[in-house]
Amino acid sequence: MTILGLIDQTPALCARLREKQTDWRPEIVARLQEATSSADGSSVIANVRVAAALECLWIVLGQWSASGGQEDLGELLDVAFAAFSTPVRRQADAPSS
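As a starting point, this report considers the structure included with it. Keep in mind the model is a prediction, meaning the values are calculated, not measured.

Notes on the pattern of salt bridges
One pass over the structure, following the stated rule, counts 3 salt bridges. Of the charged contacts, one joins R16 and E19 as a salt bridge, the two residues approaching to 3.2 Å between their closest N and O atoms. Taken together, the residues R16 and E19, both in helix α2 (residues 11-35) and 3 residues apart, mark about one turn of the helix. Assessed through its relative accessible area of 41%, R16 is described here as partly exposed. Taking relative accessible area as the criterion, E19 reaches 44% and is therefore assigned partly exposed. With a shortest N-O distance of 2.7 Å, E55 and R18 are connected by a salt bridge. One end of the pair, E55, is in helix α3 (residues 43-66); the other, R18, is in helix α2, with 37 residues separating them in the sequence. For E55, a relative accessible area of 32% translates into the label partly exposed.

How each quantity is defined
- Residues numbered from 1 in each chain as written.
- Predicted model: local features only at pLDDT ≥ 70, side-chain atom pairs only at ≥ 80, totals over all residues.
- Heavy atoms only, no water.
- Salt bridge = Lys/Arg side-chain N within 4 Å of Asp/Glu carboxyl O.
- Helix = DSSP H or I, 4+ residues; strand = E, 2+ residues; numbered from the N terminus.
- Buried < 20%, exposed > 50% of the residue type's maximum accessible area, 1.4 Å probe, protein only.

Remember, this is a structural readout, not a statement about activity or role.
As structure tokens, then:
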């Protein structure tokens, strides 16, 4: 079992990691706001972006760990973040067979 698998399977470790991610958020938000234009500098927008990025990271690390490290971590991250820019087709929008 990998360290990520251990964390995922141990509620106390999982909760602590999530707590640490929450602790990181204000600093990441501040740096994001410094790096973005004033039009995109809203605290709410920055907080949502950081929360989404941290959740993407958590999901990708879980997928990567489940594959035993066989999947490409960078590619998984690219796919995860692309989900925010790629329109999702709803079932009703899908072409009929």
